[in-house]
Amino acid sequence: MNYLNVWAMLLLLCLGCSNRNKENEGKQVAIVVSTLNNPWFVFLAESAAEKAQALGYTAKIFDSQNNTALETDHFENAIAAGFDAILFNPTDADGSVVNATKATDANIPVFCMDREINSRTAATSQILSDSYAACVQLGELFANDLERHGDYAEILGIVSDNNTWNRSKGFHSVVDNFPDLKMVARQSADFDRNKAMEVMESILQGHPDIKGVFCGNDAMAMGAYQATVAAGKQDQIKIYGFDGAEDAVNAVKEGQIQATAMQFPKLIAEKAAQLADAYFKGERTFRKKLPIAVDVVTQKNIDQYIAYGKKN
Amino acid sequence: MMKRGLKYVFIVLMGALLIYHSIYFKSLRAVKASSEGLDMDSYAKNYLFKLIPQYEADFIDINFLRTAIDENASKAFANYAHAASDGDFRYFMVRGTGLITQKDSDYVWSQDSQQQRYKLATNYIYGTAARDAAGLIVVDSFDNTMVFNELSEKINELIRKEVVPASAKLATGDSVQFTGALGLSMKAPKLSEATIIPLHLERLQHKKE
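Calculation notes
- Each chain carries its own residue numbering, running from 1 in the written order of its sequence.
- Chain letters start at A and ligand numbers start at 1, both assigned in the order the entries are written.
- Two thresholds apply to this predicted model, a pLDDT of at least 70 for residue-level local features and 80 or more for giving and counting side-chain atom pairs, whereas whole-chain, interface and lining totals are computed over all residues.
- With hydrogens and water excluded, all non-hydrogen atoms of the structure serve as input to the side-chain values.
- Helix and strand labels come from DSSP, where a helix needs a run of H or I of at least four residues and a strand needs a run of E of at least two; each type is numbered from the N terminus.
- Think of it in three bands: with a 1.4 Å probe and only protein chains considered, a residue is buried below 20% of the maximum accessible area for its type, exposed above 50%, and partly exposed in between.
- A contact between two residues is defined here by any heavy atoms of the two lying within 4.5 Å.
- With residues, only the protein chains shown are counted as cover, and all accessible areas are computed by Shrake-Rupley using a 1.4 Å probe.
- Any two cysteine sulfur atoms lying within 2.5 Å of each other are counted as a disulfide.
- Only strands that DSSP links by at least two bridges are regarded as paired with each other.
- All axes here are fitted lines through C-alpha atoms, helices being fitted over the stretch that makes contact, and every angle between N-to-C directions spans 0 to 180 degrees.
- Should the near helix be turned anticlockwise from the far one by less than a right angle, the crossing is left-handed, and should it be turned clockwise, the crossing is right-handed.
- Multiply 1.5 Å by the residue count of a helix minus one, and that product is the helix's expected span.
- Accessible-area loss on putting two parts together, using a 1.4 Å probe and summing over both, is the definition of buried area adopted here.
- Just to be clear on terms, a salt bridge is a Lys or Arg side-chain nitrogen sitting within 4 Å of an Asp or Glu carboxyl oxygen.
- Call a crossover right-handed when, viewed with both strands pointing away from you, the route from the first strand across the helix to the second goes clockwise.
- Note on aromatic pairs: the rings of Phe, Tyr and Trp (six-membered ring only in Trp) are paired at centre separations within 6.5 Å, and the planes decide the class, stacked below 30 degrees, edge-to-face beyond 60, tilted for the rest.
- Here, a charge over a ring means that NZ of Lys or CZ of Arg falls within 6 Å of the ring centre while also lying within 35 degrees of the ring normal.
- Identification of polar contacts relies on pairs of N or O atoms within 3.5 Å, with a donor-acceptor requirement for protein atoms, meaning one able to donate a hydrogen and the other able to accept it, and with residues adjacent in sequence counted only if both atoms are side-chain atoms.
- Put simply, a nonpolar core is a bunch of buried Ala, Val, Leu, Ile, Met, Phe, Trp, Tyr and Cys residues held in one set by side-chain atoms that sit within 4.5 Å of each other.

A. Main features of the overall build of chain B. When helices and strands are counted, chain B shows seven helices and six strands. The order of helices and strands in chain B, counted from the N terminus, is α-α-α-β-α-β-β-β-α-α-α-β-β. Within chain B, the proportion of its 209 residues that are buried is 41%. For chain B, the proportion of contacts with a sequence separation of at least 24, taken over those separated by at least 6, is 69%. On chain B, roughly 11,700 Å² of surface is accessible, and the fraction owed to carbon and sulfur atoms is 54%.

Below, the structure written as C-alpha cells:
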C-alpha cells in the first residue's frame, strides 16, 4: 500500500513537471514584420524566429509588405489564432499604434523591434536603434569628409516612419552648423533601392556638381551609388548609408560608399524574443523604450564588422 | 409582410454588427496624447537653468573622474555615467575649475591645478551628451524618440544662445569654473581627448597682468 502511494506521488510529480514544460512549449510567437522585400528585415525576422524557437516556442513570420491594412489583418489573424506574443516591426509610427493596441487589449504582449510606434502604452516594450545619435556621428563624418563646404543631397526613407526623421534630424543637427554646406535637393525614396536610383538620377540632372549624398538606409545608398556610376560621377560624390546591410558593408570595404551605420538586428530580435520569454515566465515590468546604440562603419574600422553586426 | 420586415431588420442588425466589429476607432488625439502638449522650450530651460544647478553638487569633479577611471574604469562608468541607449558610449556630467591656456573660434582649453588640460566646445554644440549625462531625462517619459531627440536639440540651442556667449569674454590666463557633459567609450575611455559641452561656464578671475 505504501509503495502504491509513493508511485502515485512520483507519477503526479512527473505529470506536473511535464505539464509545466508543455505550458511553455505550447506558446506561439507571431513575428509581424514591415517588409520581407529588404534583406535587413528578413534577417531581423529570421533572427527573432530562431531565438523564439531556441527558447522553446513556435514562431511564425507575417509579412506586412509595408501596408498598414495588411498589418491589421495579420494582427487580427494572430489574435484569433491564439498567438501568445507578437514581435513587431511596424509599418507606420502612427498607423500601427491601433494594431498594437488591439493585441495589448487582448492581453497579448507586443514587443516592437527597430521601428517605433508613437505610444508608450500600446506596446509592452520597444527595442529601437538609436538612429539619431548615430546620425550625429555620420553628420560629423560627412562635414569633415566634404571639408565643410559644397552642395549635397539627402534621400529620405518612408516619411511616416520615425527612423526616417530621427536619422535626418541627427544628421542635420551637425551639418546645418556649417553654412557653406548647402543641401540642394531632398527627396524620399521610401527606403527602396530602385526608387533611390531614380531619385538620384533626377537629382544629378538638376545638380550635377553635388559632392555628397546622405541616404536614410543602405538600400537607398546602393541605389544612389548605381546612379552615380551610370553618370560617371562615382569619384566626385561621397555616399553615406545606414543599416549595416551586406552589400553596403562590402561597398564600404571597396570604397564605393563612404560609411554606413551598423544597427544590430540580431541583438534587437533576440532581445525582443527574450523579453517575450520573460513575459511568459511572469515578468510584467519592462522599459517602455529601449534604444540600442548604432556604430558608424568606415574603411578605418570595417575589419571589425560583418553584415548586420560585429565580428566575434 | 411582417416576415419580410423582420428579415430586413435582421439584415440591418447583422450589417451593423459586422461594421462594428470591422472598424476600430481611436482618436488621433489619444494616439499623440502627452508629447503634443509638451512645451519644449520651457522643458529645456527648466532642465538647464533649474535642474542642473540644483544637482550640481552631485556631479563628479573632473579630476576625481580621471582618477576613478585610471583606478577602475568599469566601476567609474557604473557609478557616474548615464546613457539613453544600450551600447559602448556613456556620458558623464562633470564640474571643474582651471586656467584658460588656449582659445580658438571653436574651443577653449582649461588646465587645472594638476596640469590636466580639458577641451570645452564653444561653437559646435550638438549630440545628446547635454541631455543624457545627468541621467535626469529618461526616454521612457516620452511617447516617441523624435520628441526626446528634439529636446536634445532645444537644450543644445539654449547652450549656444545662453551659455556659450560667456566664452567670448574669456582670455588666456583667466580662471574659469564649468559644469559640462562629456562622452566616453567604455572600451577605450580617453578623458584627455573628450570634448566637454558646457552647461555652465563662468569666469572666476581675470588673468593677472
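Right, picking up where we left off after that structure.
B. Main features of the state of the cysteines. Residue and element names in this part refer to chain A. Under the definition given, this model contains zero disulfides over all chains. Free cysteine Cys135: the closest other cysteine sulfur is in Cys215, separated by 11 Å. Overall, the relative accessible area of 0% leaves Cys215 in the buried class.

C. Layout of the sheet that holds strand 9 (residues 238–240) of chain A. Residue and element names in this part refer to chain A. One open sheet holds the four strands; their spatial order is 7-6-8-9, and the pairing between them is parallel. In the strand order of this sheet, the two ends are held by strand 7 (181–188) and strand 9, each with one partner. Across this sheet, the average inter-strand angle for adjacent strands is 20°, counted without regard to direction. Sheet analysis places strand 6 (residues 150–156) next to strand 7, joined by seven bridges and oriented parallel. Among the inter-strand pairings, Gly150 is bridged to a residue of strand 7, identified as Leu181. Together, strand 6, strand 7, strand 8 (212–215) and strand 9 form the strand contacts of helix 5 (residues 131–145), whose direction differs from that of strand 8 by roughly 175°.

D. Representation of the packing of helix 2 (residues 39–54) of chain A against helix 10 (residues 265–280) of chain A in the model. Residues and elements named next belong to chain A. Here helix 2 crosses helix 10 at 35°, and the two axes come no closer than 8 Å. Helix 2 and helix 10 meet at a crossing whose hand is right-handed. In this structure, helix 2 contributes Trp40, Phe43, Leu44, Ser47, Ala48, Glu50, Lys51 and Ala52 to the contact, and helix 10 contributes Pro265, Lys266, Ile268, Ala269, Glu270, Ala273 and Gln274.

E. Highlighting helix 6 (residues 162–175) of chain A. The end-to-end C-alpha separation of helix 6 of chain A is 20 Å, in line with the 20 Å expected for 14 residues at 1.5 Å each. Counted residue by residue, helix 6 of chain A has twelve buried out of 14 residues, so it is predominantly covered. Residues of helix 6 of chain A that are buried include every one of A:Asn162, A:Asn163, A:Thr164, A:Asn166, A:Arg167, A:Ser168, A:Gly170, A:Phe171, A:His172, A:Ser173, A:Val174 and A:Val175, and no others. Among the structural elements, strand 4 (110–114), helix 5, strand 6, strand 7 and strand 8 of chain A together with helix 6 (145–163) of chain B are those in contact with the buried residues of helix 6 of chain A.

F. A look at the interface of chain A and chain B. Counting residues at the interface gives 32 residues for chain A, matched by 27 residues for chain B. Surface buried jointly by chain A and chain B totals about 2,700 Å² across both partners, of which 52% is contributed by carbon and sulfur atoms. Taken together, the links from chain A to chain B amount to one salt bridge. Among the salt bridges present, the one from B:Asp143 reaches A:Arg120, with a minimum N-O distance of 3.0 Å. Going through the elements one at a time, helix 4 (97–105), helix 5, helix 6 and strand 11 (289–292) of chain A are the ones with two or more residues in the side of chain A that touches chain B. If you tally residues by element for the side of chain A that touches chain B, the top one is helix 6 of chain A, at six residues.

G. Representation of the pairing of strand 3 (residues 85–88) of chain A within the structure. Residues and elements named next belong to chain A. With burial as the criterion, each face of strand 3 is covered, one bearing Ala85 and Leu87 and the other bearing Ile86 and Phe88. When strand 1 (residues 28–33) meets strand 3, the two strands line up parallel, connected through four bridges. Among the inter-strand pairings, Val32 is bridged to a residue of strand 3, identified as Phe88. Crossover handedness for the path strand 3 to helix 4 to strand 4: right-handed.

H. Spotlight on the packing of aromatic side chains. The final tally for this structure, using the stated rule, is 20 aromatic pairs over all chains. Judged by centre distance (5.8 Å) and plane angle (75°), the rings of A:Phe62 and A:Phe83 are edge-to-face. One end of the pair, A:Phe62, is in strand 2 (residues 58–63); the other, A:Phe83, is in the loop between helix 3 (68–80) and strand 3, and 21 residues separate them in sequence. Just as A:Phe62 is buried, A:Phe83 falls in that class too. Members of the aromatic cluster, each reached through a chain of ring pairs, are A:Phe142, A:Tyr152, A:Phe171, A:Phe214 and A:Tyr240. Positioned over the ring face of B:Tyr107 is B:Lys119, at 4.5 Å from the centre of the ring. Cation over ring: B:Arg131 sits above B:Phe148, and NZ or CZ is 3.5 Å from the ring centre.

I. Seen up close, helix 2 of chain A. Residues and elements named next belong to chain A. End to end, helix 2 covers 22 Å across 16 residues, agreeing with the expected 22 Å (1.5 Å per residue, within 8%). Considered for burial, the residues of helix 2 that qualify are Trp40, Phe41, Leu44, Ala45, Ser47, Ala48, Ala49 and Ala52. Where helix 2 is buried, its residues meet strand 1, strand 2, strand 3, strand 4 and helix 10. A distance of 2.9 Å separates the backbone nitrogen of Trp40 from a side-chain oxygen at the start of helix 2, and that oxygen is part of Asn38. Positive backbone phi, approximately 100°, marks Gly56, located one or two places after helix 2.

J. Structural context of the pairing of strand 8 of chain A. Residue and element names in this part refer to chain A. By the alternation rule, side chains of strand 8 split into Gly212 and Phe214 and Val213 and Cys215, which are all buried. Two strands pair when backbone bridges link them, and strand 6 and strand 8 are joined in this way by four bridges, in the parallel orientation. Note that in strand 8 the partner of Tyr152 across the bridge is Gly212. This β-α-β element, strand 8 to helix 8 (residues 218–230) to strand 9, shows right-handed connectivity.

K. Looking closely at the nonpolar core. Judged by nonpolar contacts, the single largest core of 52 residues is most densely connected at B:Met93, B:Ile159, B:Leu182 and B:Leu199. Among the elements that make up this core, the one with the highest residue count is helix 6 of chain B (seven residues). Those residues within four positions of B:Ile159 in sequence are excluded, and the remaining contacts are B:Leu48, B:Ile125, B:Ala130, B:Val164, B:Pro165, B:Ile197, B:Pro198 and B:Leu199. Grouped together as the second largest cluster of nonpolar side chains are 32 residues, A:Ile155, A:Ala185, A:Val213 and A:Ala227 included.

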